[in-house]
There are 2 protein chains.
Amino acid sequence: MKVFKGNMIYTKEPKRFEILEQGYVTVDDAGRIVSVSKEAPEGIETAHVVDFENHMVIPGFTDLHLHPNQYPNDGLGYNYELMEWIENYATPVNGLYKNEQITRRIFSALIEDLWRYGILHSVQFGALDLRTNDILFEMMIDSGLYCYLGKNHTDYKKDRHEVETTQESMRCAQYLIDKWEGKSPRVHYIMTPSFAPGCTEEMMKWCGEMSRKYKLPLQSHLDENKKEVGMVLDRFTDCKNYAQVYQKYHMFGNDIKTVMAHCVYTTEDEIQALRYAGVYVAHCPHSNCNLGSGIMPLRRYLDMGIKVGLGSDISAGHTLNMMDNMRSAMEMSKVLYVEEGEMPLSTSEAFYLATKGGGSFFGEVGSFERGYLFNALVVEDDAVASIGGHTLEERIERFIYNGDDRQIKQRFVEGKELKKPVFEI
Amino acid sequence: MKVFKGNMIYTKEPKRFEILEQGYVTVDDAGRIVSVSKEAPEGIETAHVVDFENHMVIPGFTDLHLHPNQYPNDGLGYNYELMEWIENYATPVNGLYKNEQITRRIFSALIEDLWRYGILHSVQFGALDLRTNDILFEMMIDSGLYCYLGKNHTDYKKDRHEVETTQESMRCAQYLIDKWEGKSPRVHYIMTPSFAPGCTEEMMKWCGEMSRKYKLPLQSHLDENKKEVGMVLDRFTDCKNYAQVYQKYHMFGNDIKTVMAHCVYTTEDEIQALRYAGVYVAHCPHSNCNLGSGIMPLRRYLDMGIKVGLGSDISAGHTLNMMDNMRSAMEMSKVLYVEEGEMPLSTSEAFYLATKGGGSFFGEVGSFERGYLFNALVVEDDAVASIGGHTLEERIERFIYNGDDRQIKQRFVEGKELKKPVFEI
């Protein structure tokens, strides 16, 4: 048993921070939280006490949507909209991964950045190529970080270069599942059909079946961009909206855990479908701005009780800095406040999205509650905030708005410090 | 004479980057650029050559609008709108400055951050208090950075606590002008009436007169927030818009250099007035989001040929990171693109605003052209970009979207390296 002492800050629910000034979190040997208290817990005299002094201690972040092989495109090509961006940036980058050393250098930089920004849990939209995913599985397991990772299926060829056949694509996923699923308690496979315009019906049906067969979660994209929505409706004439395509091939349902990125242009029926099936929404505000996609109706989803987390959407989004992604979510909601009088996202709500909201996709992570894993970050104030006079609520607010990775002094996973991953390349 | 060699990237005009791969910039002893060329200049054999190798070399940034004494409020209180934020945050923070040591610690952190982020030129909206401004003048001169700084005048008392009398306020400005103006070629005084709702008519008239008498520029706020605009129109019933108040008291005019922060809710008449008088607009996109003010019609201003630069608006804006402020300008313009089909701000346009656009308020800074001061930053790629394969245009794009202060390896002012300012406190 270990006792962590410090300024514990977390969100049980979106509307307010829970703040324990110099509080105690007791953790069992498996890294699960046994108690959270303002007073010293019983048995503290004999326990291993880790004192974080005046630092802030917060749950580790979750990035619900990122494309690891797109990392070299970070910050590039945002003069394009989605479909043109895919053609000009997202597709050509795959050429880099023919070289294993470059592949490892890119993923090493990515994983180091995940660690630096305290993204202890991430849902990664893998590459098409088997070997690239294979290397990333190996490196993610070595890193000690939590993740879901899946091979991207893009087997529908109309108007596209031939990228892979349906059979090849399926074989590749089956190989990765057989090789990696169950190898690590922290890294799991996730079924990953690219998006309706990129998949054959056969593939989508198979992905839904594989999810159920192996009890794997599933991720894809929904309603990101108007042109994309138009493409879907043109092709799937029997579906009255985009989400219905996924429903038709059984990719939504309470018996599987599904996350859909973007959800900018959802209709009322689609919102009901997301809610009914308990689908997670990965909100990617920077990406939706960068590619001129639009602003997601976040407040509507929160009011409806839809599960929402934040996604960096590397690299249509430009940064893994989750504080920056929280700020972006708040800024976009302020735009809707100005334009439509919608209640803006508060600091605690943004924090919730980046911690417990997205974290719940992984189970009991993202909060400091009994039964949760102690996956946590130790945060130092910046130079000016440390001059003092600020409440803990103001200090966390300041960190959310103006913090960076240098202020994250330590990362804990399952109650143990996770050191910076180092890869030999 | 010195010759700088490296990848020179700058914007003569907004619409495109000028990129000299392994180019040469020759600088005279006063730090002014004599030539810019792709080929080695004549006389290079005997010149002092500084080789930046594969780094990018860009003009130093200009922050056209920031409130130095608000730095401790950075990231705080953005659940408020403007007038409530002033009451709850911007006003109370002034209490900190009764303690000289704290004052120096705050300004030391601020100046270090200006330096870190490559903000070689800033237009600072000073505090009310004489001593606070006095200390900042001294420290800014010591820093070696360029700035305009002025004492904030807030002498109108309706609905406000009494903060200063008109006479006191004037005496204080006169003292600072007498003491500091002319002391340094880099640090100058700027007349600083807070904003129309905070000033008496007498004060505004006096500020315009002082600008002309001492040939000083002038800064204030315009059309930031709807409630603020309403207050102005209620009080100045003889003026048909907010800008007319400033015109009435002769604060606009081609004989003085004026900068107005925000300009979100300008009417057509006001836009014409800004253009006619050559008034600079300090665009503060983060601030306008944080306080739910609105989105400035940037494209309209650019199309009209109005002079625009970027302002961090510390601390209604939360960051001095000018790359972040550029990104915010692009994101807000993307929102208007999605909603109204307006042409979004390109990367080169955003870069122009942060360099030559705002820099021209200081004269010939912000570009690498003959006659300009070599006030420049040396920028290193991040880990992934350095894997290679990117053009220089992509590398600068990536830095704009995803760069931070750690990538700025050196700062040059007037052709000489400016080391990190260190203050004994």
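## Focus: the sheet that holds strand β13 (residues 280–283) of chain B
Residues and elements named next belong to chain B. Strand order in the open sheet formed by four strands is β11-β12-β13-β14, and the pairing between neighbours is parallel. Sheet topology places β11 (218–222) and β14 (307–310) at the edges, where each strand pairs with a single neighbour. Strand-to-strand twist of the sheet, defined as the mean angle between neighbouring strand axes without regard to direction, takes the value 30 degrees. Judged from the three bridges that link them, strand β12 (residues 258–262) and β13 form a sheet pairing that is parallel. Across the sheet, residue Val-259 finds its bridge partner in β13, namely Tyr-280.

## Describing the nonpolar core
Within the largest apolar cluster, 241 residues are counted, with the highest numbers of intra-cluster contacts made by Phe-61 and Tyr-246 of chain A together with Phe-61 and Tyr-246 of chain B. Residues contacting Phe-61 of chain B, with those up to four places away along its chain left out, are Tyr-117, Gly-118, Ile-119, Leu-120, His-121, Met-322, Met-323, Met-326, Ala-354, Thr-355, Leu-377 and Phe-399 of chain B.

## Focus: the relation of the copies chain B and chain A
Note on the copies: chain B fits chain A at an RMSD of 0.0 Å, the axial shift is 0.0 Å, and the rotation between them is 180 degrees. Both copies are brought into coincidence by an operation consistent with a two-fold rotation axis. When the interface residues of chain B are mapped onto chain A, 100% of them again lie at the interface, so the same face is used by both copies.

## Focus: the side chain of Glu-164 of chain B
All names here are of chain B. Along the polypeptide, Glu-164 turns up in the loop between β8 (152–153) and α4 (166–180). When its relative accessible area of 5% is taken as the criterion, Glu-164 is described as buried. A polar contact of 2.9 Å, which involves the side chain of Glu-164, links it to the side chain of Lys-151. One polar contact links Glu-164 to Ser-169, side chain to side chain, over a distance of 2.8 Å. Sequence-distant contacts of Glu-164, that is, excluding residues within four places in its chain, are made with Leu-128, Lys-151, Asn-152, His-153, Thr-154, Asp-155, Lys-157 and Ser-169.

## Some remarks on the state of the cysteines
In the structure shown here, the tally under the stated rule is zero disulfides over all chains. Between Cys-207 of chain B, a cysteine without a disulfide, and Cys-199 of chain B, which holds the nearest cysteine sulfur, the sulfur-to-sulfur distance is 6.2 Å.

## Observations regarding the pairing of strand β3 (residues 33–37) of chain A
Residues and elements named next belong to chain A. Pairing between strand β2 (residues 16–27) and β3: four bridges, direction antiparallel. Considered in β3, the bridge of Thr-26 is made with Ser-35. Where β2 folds back on β3, the antiparallel hairpin that results is connected by five residues, among which Gly-31 adopts a positive phi of roughly 90 degrees.

## Quick notes on unusual backbone geometry
Residues and elements named next belong to chain A. Ile-314 connects to Ser-315 through a cis peptide bond whose omega is 0 degrees. With respect to the helices and strands, Ser-315 occurs in the loop between β14 (307–310) and α11 (322–340). In this structure, His-262 is a non-glycine residue whose phi angle is positive, near 85 degrees. Along the chain, His-262 turns up in strand β12 (residues 258–262).

## Describing empty space enclosed by the protein
Residues and elements named next belong to chain A. Overall, the coordinates contain seven cavities of 30 Å³ or more when judged by the stated rule. The space that makes up the largest cavity amounts to roughly 410 Å³. Taken together, 26 residues make up the lining of the largest cavity; nearest its centre are His-67, Gln-70, Ile-86, Ala-90 and Asn-152. Broken down by element, the residue count for the lining of the largest cavity peaks at four residues, all from helix α1 (residues 82–90).

## Topic: a negative patch on the surface
A grouping of Glu-339 and Glu-340 of chain A together with Glu-339 and Glu-340 of chain B is seen on the molecular surface, where their side chains present a negatively charged patch. If you list the elements that add at least two residues to the negative patch, you get α11 of chain A together with α11 (322–340) of chain B. By the element assignment, Glu-340 of chain A lies in helix α11.

## Remarks on helix α2 (residues 100–116) of chain B
All names here are of chain B. A rise of 1.5 Å per residue sets the reference length of α2, with its 17 residues, at 24 Å; its end C-alpha atoms lie 24 Å apart and thus fit the reference within 8%. Within α2, 12 of the 17 residues are buried, which leaves the element mostly enclosed by the surrounding structure. Looking at where α2 begins, the residue whose side-chain oxygen comes 2.9 Å from the main-chain nitrogen of Gln-101 is Asn-99.

## Quick word on helix α6 (residues 226–235) of chain B
Residues and elements named next belong to chain B. Along α6, the residues classified as buried are Glu-228, Val-229, Val-232 and Arg-235. With its buried residues spanning 135 degrees around the axis, α6 presents them on a single face. Of the residues in α6, the exposed ones pointing more than 90 degrees away from the buried face are Lys-226 and Asp-234. Taking the backbone nitrogen of Lys-227 as reference, a side-chain oxygen 2.7 Å away marks Asn-225 as the first, capping residue of α6.

## Concerning the sheet that holds β2 of chain A
Adjacent strands of a sheet form backbone hydrogen bonds with each other and so pair up, either parallel or antiparallel. A sheet is described by the order of its strands in space; here seven strands give the open sequence β3-β2-β1-β4-β15-β16-β17 (chain A), paired in mixed fashion. Either end of the sheet is taken by a strand with one partner, and the two such strands are β3 and β17 (416–417) of chain A.

## Section: the packing of helix α4 (residues 166–180) of chain A against helix α5 (residues 201–214) of chain A
Residue and element names in this part refer to chain A. Two elements in contact, α4 and α5, have axes separated by 11 Å at closest approach and are oriented at 15 degrees. On the basis of their axis angle, the class for α4 and α5 is roughly parallel. Viewed along their axes, α4 and α5 form a crossing whose handedness is right-handed. Between α4, through Thr-166, Gln-167, Ser-169, Met-170, Ala-173, Gln-174, Ile-177 and Asp-178, and α5, the contact on the second element is made entirely by Glu-202, Met-203, Trp-206, Met-210 and Tyr-214.

## So, the pattern of salt bridges
This model, assessed by the stated rule, comprises 58 salt bridges over all chains. Between Glu-100 of chain B and Arg-104 of chain B there is a salt bridge; the shortest N-O distance is 2.9 Å. Here Glu-100 of chain B pairs with Arg-104 of chain B, and both are found in helix α2, just four residues apart, close to one helical turn. Residues Arg-235 of chain B and Glu-201 of chain B are paired through a salt bridge, measuring 3.3 Å at the closest nitrogen-oxygen approach. Of this pair, Arg-235 of chain B sits in helix α6 while Glu-201 of chain B sits in helix α5 (residues 201–214), placing them 34 residues apart in sequence. What you see here is one network of salt bridges that share partners, running through Glu-100, Arg-104, Arg-131, Asp-134, Glu-138 and Lys-179 of chain A.

## As for the packing of aromatic side chains
According to the stated counting rule, one finds 38 aromatic pairs over all chains in the structure shown. Centroid distance Tyr-78 of chain A to Tyr-401 of chain B: 4.6 Å. Interplanar angle 85 degrees. Geometry classified as edge-to-face. Residue Tyr-78 of chain A is located in the loop between β5 (61–66) and α1, and its partner Tyr-401 of chain B is located in helix α13 (residues 392–402); the two belong to separate chains. The exposure class of Tyr-78 of chain A is buried, given its relative accessible area of 2%. Judged by centre distance (6.1 Å) and plane angle (35 degrees), the ring pair of Tyr-246 of chain B and Phe-252 of chain B falls under tilted.

## Some thoughts on the environment of Asn-241 of chain A
Residue and element names in this part refer to chain A. Relative to the helices and strands, Asn-241 is located in the loop between α6 (226–235) and α7 (242–248). Residue Asn-241 is classed as buried on the basis of its relative accessible area of 6%. The contact partners of Asn-241, leaving out residues within four places of it in the chain, are Leu-233, Thr-267, Asp-269 and Glu-270.

## Details of the packing of α11 of chain A against helix α13 (residues 392–402) of chain A
All names here are of chain A. It is the contact of α11 with α13, at a shortest axis distance of 7 Å, that shows an interaxial angle of 90 degrees. The angle between α11 and α13 places the two elements in the roughly perpendicular class. Residue-level contacts link Met-323, Met-326, Arg-327, Met-330 and Lys-334 of α11 to Phe-399, Ile-400, Tyr-401 and Asn-402 of α13. Split into classes, the residues belonging to the contact of α11 with α13 amount to six nonpolar, one polar and two charged.

## Points about the confidence of the model for chain A
Keep in mind that low pLDDT regions are not for reading the predicted coordinates in detail. Per-chain confidence: chain A averages 96 in pLDDT, with 99% of residues scoring 70 or above. For this predicted complex, the interface score ipTM comes out at 0.95, while the overall pTM is 0.97.

## Some words on the interface of chain B and chain A
In this complex, chain B contributes 48 residues to the contact, which on the side of chain A involves 48 residues. Broken down residue by residue, the surface that chain B buries against chain A is led by Glu-331, Ile-387 and Arg-406 of chain B, which jointly contribute 15%. For the interface between chain B and chain A, the tally reads two salt bridges. Across the pair Arg-406 of chain B and Asp-405 of chain A runs a salt bridge whose closest N-O atoms are separated by 2.6 Å. Sorting the residues of the side of chain B that touches chain A by element identifies α2, α9 (285–290), α11 and α13 of chain B as the ones contributing at least two each. Per element, the largest residue contribution to the side of chain B that touches chain A is 10 residues, and it comes from α11 of chain B. Split into classes, the residues belonging to the side of chain B that touches chain A amount to 19 nonpolar, 14 polar and 15 charged.

Reading the values: the criteria
- Residues numbered from 1 in each chain as written.
- Chains lettered and ligands numbered in written order.
- Predicted model: local features only at pLDDT ≥ 70, side-chain atom pairs only at ≥ 80, totals over all residues.
- Heavy atoms only, no water.
- Pairing = 2+ DSSP bridges.
- Helix = DSSP H or I, 4+ residues; strand = E, 2+ residues; numbered from the N terminus.
- Axes fitted to C-alpha atoms, helices over the stretch in contact; angles between N-to-C directions.
- Core = buried A, V, L, I, M, F, W, Y, C linked by side-chain atoms within 4.5 Å.
- Buried < 20%, exposed > 50% of the residue type's maximum accessible area, 1.4 Å probe, protein only.
- Contact = heavy atoms within 4.5 Å.
- Least-squares fit on C-alpha atoms with pLDDT ≥ 70 in both.
- Polar contact = N/O pair within 3.5 Å; in protein donor to acceptor, adjacent residues only side chain to side chain.
- Disulfide = S-S within 2.5 Å.
- 1 Å grid on protein atoms, 1.4 Å probe; cavity = no way out; pocket = protein on both sides within 12 Å on 5 of 7 lines; lining within 4 Å.
- Points joined across faces, edges and corners; volume = space filled by probe spheres on them.
- Patch = residues over 30% accessible without salt bridge, like charges linked within 9 Å, V, L, I, M, F, W, Y side chains within 5 Å.
- Areas by Shrake-Rupley, 256 points an atom, 1.4 Å probe, with all protein chains shown as cover.
- Salt bridge = Lys/Arg side-chain N within 4 Å of Asp/Glu carboxyl O.
- Lys, Arg positive; Asp, Glu negative; His and termini not counted.
- Charge placed at Lys NZ, Arg CZ, Asp CG, Glu CD.
- Expected span 1.5 Å × (residues − 1).
- Arc of directions from axis to C-beta.
- Parallel < 35°, antiparallel > 145°, perpendicular 65-115°, else oblique.
- Left-handed = near helix turned anticlockwise from the far one by under 90°.
- Phe/Tyr/Trp six-rings, centres within 6.5 Å; stacked < 30°, edge-to-face > 60°.
- Nonpolar A, V, L, I, M, F, W, Y, C, P; charged D, E, K, R; others polar.
- pLDDT = per-residue confidence, 0-100.
- Buried area = accessible area lost by both parts, 1.4 Å probe.

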